[in-house]
Amino acid sequence: MSCYVKNARNTSGDGSMIAQWEEYTGKNCPAYCSNVACMNELDDDNKCGAHVYQCNKHGTIKPRTIYIVPLCKECNNTYNTNVMEIADENLLVPLSELE
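Residues numbered from 1 in each chain as written. Predicted model: local features only at pLDDT ≥ 70, side-chain atom pairs only at ≥ 80, totals over all residues. Heavy atoms only, no water.

1. A look at the pairing of strand β3 (residues 61–72)
Part 1: Across 8 bridges, the pairing between strand β2 (residues 47–55) and β3 is antiparallel. Residue pairing across strands places Val 52 opposite Tyr 67, the latter belonging to β3.
Part 2: Between β2 and the antiparallel strand that follows it, β3, lie 5 residues; Gly 59 among them carries a positive phi value of about 100°. (Pairing = 2+ DSSP bridges. Helix = DSSP H or I, 4+ residues; strand = E, 2+ residues; numbered from the N terminus.)

2. Brief notes about the confidence of the model for the protein
Part 1: Confidence in the prediction of the protein, expressed as mean pLDDT, is 92, and 96% of residues score 70 or more.
Part 2: Averaged over each element, pLDDT in the protein is lowest for helix α2 (residues 95–98) (91) and highest for strand β4 (residues 84–86) (98). (pLDDT = per-residue confidence, 0-100.)

3. What about the side chain of Asn 46?
Part 1: Mapping Asn 46 onto the fold places it in the loop between α1 (17–25) and β2.
Part 2: When residues no more than four places from it in sequence are discounted, the contact partners of Asn 46 are Asn 40, Glu 41, Leu 71, Cys 72 and Lys 73. (Contact = heavy atoms within 4.5 Å.)

4. Considerations on the packing of aromatic side chains
Part 1: Under the criterion given, the structure shown has 0 aromatic pairs.
Part 2: When the ring centre of Tyr 53 is taken as origin, the NZ or CZ atom of Arg 64, which lies over that ring, is 5.0 Å away. (Phe/Tyr/Trp six-rings, centres within 6.5 Å; stacked < 30°, edge-to-face > 60°. Lys NZ or Arg CZ within 6 Å of the ring centre and 35° of its normal.)

5. What about the side chain of Asn 80?
Part 1: Within the element layout of this structure, Asn 80 appears in the loop between β3 and β4.
Part 2: Taking the relative accessible area as the measure of exposure, Asn 80 reaches 14% and is therefore buried.
Part 3: Within the structure, the side chain of Asn 80 is placed 2.9 Å from the backbone oxygen of Cys 75, a separation counted as a polar contact. (Buried < 20%, exposed > 50% of the residue type's maximum accessible area, 1.4 Å probe, protein only. Polar contact = N/O pair within 3.5 Å; in protein donor to acceptor, adjacent residues only side chain to side chain.)

6. Looking at the nonpolar core
Part 1: Counting 24 residues, the largest nonpolar core has Val 69, Leu 71 and Ile 86 as the members making the most contacts within it.
Part 2: If you list the elements that add at least two residues to this core, you get β1 (3–7), α1, β2, β3, β4 and α2.
Part 3: Among the elements that line this core, the one with the most residues is β3, at 5 residues.
Part 4: Once you skip the residues sitting within four places of it in the chain, Ile 86 turns out to touch Ser 2, Cys 3, Val 5, Ser 34, Asn 35, Val 36, Val 69, Leu 71, Leu 91 and Leu 92. (Core = buried A, V, L, I, M, F, W, Y, C linked by side-chain atoms within 4.5 Å.)

7. Considering the environment of Asn 82
Part 1: Its place among the elements puts Asn 82 in the loop between β3 and β4.
Part 2: The sequence separation of Asn 82 and Lys 6 amounts to 76 residues, and the corresponding C-alpha distance is 6.5 Å.
Part 3: The residues touching Asn 82, leaving out its near neighbours within four places in the chain, are Val 5 and Lys 6.

Take a look at the structure:
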């Protein structure tokens, strides 16, 4: 099932969040950005383990759990305040599980 997210601000992680996401999920990073409105490829130079909050489609943030989800650098931008639809909510991993 799909879900909606917004970028979390003023967050950072230790090391590669994508590597930690891959280790936790047992999956490789998707080939394309997880934002359904974006078709950017997630190659080594363009993939990010983005810190996001889950929200509704109108942008109201749900309980303030921070998740990691694979996004491209364009979508994982502190100035991107848009709501993004993620095709599969199973791509979201709670940051607390990776720390």
